[in-house]
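# Coordinates in review
Spelled out from the first residue to the last, the chains are:
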Amino acid sequence: MSGRLRADGATTGGAYLDYAGLGRLRPPAVTAMRTAVEEVLPYGSAGVGRLFGDRAAARRSVARLLGCTPEEVALVPNTSTGIHLVADGLDWRPGDQVVLFERDFPANVRPWLRLRRHGVEPVWVPMRDGGHRIEDVAAALGPATRLVAVSHVNFATGFRCDLDRICALAAEVGALVCVDAVQSLGALPLSVADTPVDFLAAGAHKWLCGPPGTGTFYCRADRLELLRTTPTGWFGHEGAAEVTKGPGHLRYDLPERAGAARVEGGMYDLVGMAGLAAALAELEETGIAAVAARVRALADRLRTGITELGYDLALPPDGAGHSGLVCFTGRRTEGAELVRRLASAGIHVSVPDGLVRVSPHFWTTDEEVAEILEELALHKS
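Right, let's walk through the structure included here. Because the structure is a prediction, the values reported are computed rather than measured. (Residues numbered from 1 in each chain as written. Predicted model: local features only at pLDDT ≥ 70, side-chain atom pairs only at ≥ 80, totals over all residues. Heavy atoms only, no water.)

## Here's the deal with helix H11 (residues 366-379)
For the record, the criterion: Secondary structure elements follow DSSP: runs of H or I no shorter than four residues count as helices, runs of E no shorter than two count as strands, and numbering proceeds from the N terminus. Helix span, expected: 1.5 Å multiplied by one less than the number of residues in the helix. Each residue is placed in one exposure class: buried if its accessible area under a 1.4 Å probe, protein chains only, is under 20% of its type's maximum, exposed if it is over 50%, and partly exposed if it falls in between. Only heavy atoms matter for contacts: two residues are in contact if any of them lie within 4.5 Å across the pair.
Its 14 residues place the ends of H11 21 Å apart at the C-alpha level, agreeing with the 20 Å of an ideal helix rising 1.5 Å per residue. Buried within H11 we find Glu368, Val369, Glu371, Ile372, Leu373, Glu375, Leu376 and His379. Buried residues in H11 make contact with strand E1 (15-16), helix H9 (288-308), strand E10 (326-329), helix H10 (335-344), strand E11 (347-348) and strand E12 (356-358).

## So, the side chain of Ser359
We apply this condition: Within 3.5 Å is the distance limit for a polar contact, defined as a pair of N or O atoms, with the added protein rule that one can donate a hydrogen and the other accept it, and that residues adjacent in sequence qualify only through two side-chain atoms.
For Ser359, the position within the fold is in the loop between E12 and H11. In terms of polar contacts, Ser359 uses its side chain to reach the backbone amide nitrogen of Tyr19, at 3.0 Å. Setting aside its immediate chain neighbours within four residues, Ser359 contacts Leu17, Asp18, Tyr19, Ala20, Trp207 and Gly324.

## A look at the pairing of strand E6 (residues 176-180)
Stated precisely, the cut-off is as follows: For two strands to be treated as a pair, DSSP must find no fewer than two bridges joining them. A clockwise path from the first strand over the helix to the second, with the strands pointing away from the viewer, defines a right-handed crossover.
Where burial is concerned, most of E6 is hidden: 5 out of the 5 residues are buried. With burial as the criterion, each face of E6 is covered, one bearing Leu176, Cys178 and Asp180 and the other bearing Val177 and Val179. Relative to E6, strand E5 (residues 145-151) is paired through 5 bridges, and the arrangement is parallel. Its bridge partner lying in E6, Ala149 is registered against Cys178. Note on the crossover from E5 through helix H6 (residues 163-173) to E6: the handedness is right-handed. Relative to strand E7 (residues 199-203), E6 runs parallel, the two being bridged by 3 bridges. Within E7, the position partnered with Val179 by the bridge is Leu200.

## Concerning the sheet that holds E12
Where we set the bar: To obtain each axis, a line is fitted to C-alpha atoms, and for helices this fit is confined to the stretch in contact; angles are then taken between N-to-C directions over 0 to 180 degrees.
Strands sit in the order E9-E10-E12 across an open sheet of 3 strands; the sheet is antiparallel. Of all the strands in the sheet, the pair left with one neighbour each is strand E9 (312-313) and E12. Those strands touched by H9 are E9, E10 and E12, and its axis lies near 15° from that of E10.

## Things to note about the sheet that holds E7
Here we have 7 strands laid out as an open sheet, ordered E2-E8-E7-E6-E5-E3-E4, and mixed in their pairing. Both outer strands of the open sheet, strand E2 (73-76) and strand E4 (121-125), are each paired with one neighbouring strand and no more. Here the average twist between neighbouring strands, direction ignored, is 20°. With 5 bridges connecting them, E7 and strand E8 (residues 215-219) associate as antiparallel partners. Looking at E8, one finds that Phe199 is bridged to Cys219.

## What to know about the packing of H10 against H11
Heads up, the condition is: Roughly parallel means an angle under 35 degrees; roughly antiparallel means over 145; roughly perpendicular covers 65 to 115; every other angle is labelled oblique. A crossing counts as left-handed when the near helix is turned anticlockwise from the far one by less than a right angle, and as right-handed when that turn is clockwise. Any residue outside Ala, Val, Leu, Ile, Met, Phe, Trp, Tyr, Cys, Pro, Asp, Glu, Lys and Arg is labelled polar, Gly included; the first ten of those are nonpolar and the last four are charged.
With their axes 11 Å apart at the nearest point, H10 and H11 run at an angle of 125° to one another. Between H10 and H11, the angle is such that the two are oblique. The handedness of the crossing between H10 and H11 is right-handed. Facing H10, whose interface residues are Leu338, Arg341 and Leu342, H11 presents Ile372, Glu375, Leu376 and His379. For the contact of H10 with H11, the per-class residue count stands at 4 nonpolar, 1 polar and 2 charged.

## A word on the nonpolar core
Within soluble globular proteins, side chains that are nonpolar tend to cluster in buried spots. Counted only if it meets this: Nonpolar cores are built from buried Ala, Val, Leu, Ile, Met, Phe, Trp, Tyr and Cys residues. Side-chain atoms within 4.5 Å join them into one set.
The biggest cluster of nonpolar side chains holds 54 residues, and the ones touching the most others in it are Val148 and Val150. For this core, the element with the highest residue contribution is helix H8 (residues 270-286), accounting for 7 residues. Not counting residues within four places of it along the chain, the set of residues in contact with Val148 comprises Val99, Phe101, Leu141, Ile166, Ala170, Leu176, Val177 and Cys178. In terms of nonpolar packing, the next biggest core, distinct from the first, is built from 27 residues, Val76, Leu100, Leu113 and Phe217 among them.

## Structural notes on the pairing of E2
Neither face of E2 is open: one carries Val73 and Leu75, the other Ala74 and Val76, and all of them are buried. By the bridge criterion, 4 bridges tie E2 to E8 in an arrangement that is antiparallel. Following the sheet pairing, Val76 is matched in E8 by Gly215.

## Here we look at the layout of surface pockets
To find leftover empty space, a probe the size of one water molecule is rolled over the atoms. The condition that has to hold: Using a grid of 1 Å spacing that covers the protein atoms alone, one calls a set of points a cavity when a 1.4 Å probe fits there but cannot get out, and a pocket when the set is open and has protein on both sides within 12 Å along at least five of seven lines; lining residues are those with an atom within 4 Å of a point. Grid points are joined across faces, edges and corners, and a volume is the space filled by probe spheres set on the points.
Its boundaries defined by the atoms lining it, the second largest pocket holds a volume of some 400 Å³. Around the second largest pocket, the lining comprises 19 residues; the ones closest to its centre are His132, Arg133, Phe159, Ala320 and Gly321. Of all the elements in the fold, those that place two or more residues in the lining of the second largest pocket are helix H5 (134-140) and H6. Residues that form the lining of the second largest pocket fall into these classes: 9 nonpolar, 3 polar and 7 charged.

## Side note on H9
In this model, H9 (21 residues) spans 30 Å end to end at C-alpha, consistent with the 30 Å of a helix rising 1.5 Å per residue. Regarding H9, the residues found buried are Val291, Ala292, Val295, Leu298, Ala299, Leu302, Arg303, Gly305 and Ile306. The secondary structure elements touched by the buried residues of H9 are H8, E9, E10, E12 and H11. Gly310 lies just past H9 and shows a positive phi near 95°.

Interpretation note: all reported values are geometric properties and have no functional meaning in isolation.
Here's what the structure looks like:
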């Protein structure tokens, strides 16, 4: 699975540092998906039962990762699906306010802005020095606040918000908290038992290193009934699996599933789910504490080296709000041009919102970090 990605797409050996863009699919996931494609699905329904256990396994892994019950977890195609389950599912009233954050990713902005047609008002938390200050969050909250829609880690600057304090502030005014965790889940510890968010969505294609088109949605047990409009489908009902074993396909009276899985609907991506279950199993075996420590160490090394080379970090170097994303730009070199030069050298990073974004994971080698720092030294302003 090693390999340098040249600008022309060829693989020649080297540095992949873009897990915030797209995680590299891990070998266990590749093996599981290949098995599904080559050994199961070519035989249709004859052996497809081998794959049905993967969704349950993935659900249990996510529950252990988040510190919740499996009944509070649904498997969804991506982050956007999870966010829309909340934005489209709550019973909004004219005059409700939703707190949003400047320079957040569109997936965590547009669904909430669309609620303006129901008389819902967005209230913005400004970005200052690459991050969001807790005093600005407090100022944005009020009696009309219905929900705070926050990204755990900002996609462009790498700022990690203080979810504990945001949850405490929201609780003071009776507001819900919905978290976009796509830039943290799988790289940073997050226990919903300790940090009482109400909803959380995360695609698995980044730090979880799962296949694109897979992801997870968390809904606190006592919040599920707040989602009055949710998708319905065959497998979203109790007893649907048992019905398939005999007569009874026309049972229209089956109750909705009691847990978050009621939103999962009908047939899903069996191949993708096999890959997700395998990726999550490897992450569990490695341990999120070990992963987070490695990510933090590599990111700190990058910040130190990048600063010493004279580049400008998006966040202050004092450590407050840091995550696994290291974002910067050159004083005279535009971010996009610098990323192009790195790609020509076989070093893969990304450039959201004009900033160079470097994002190492547990599996990133020390040599890859050294390679990008050496290349940046050649191009420093």
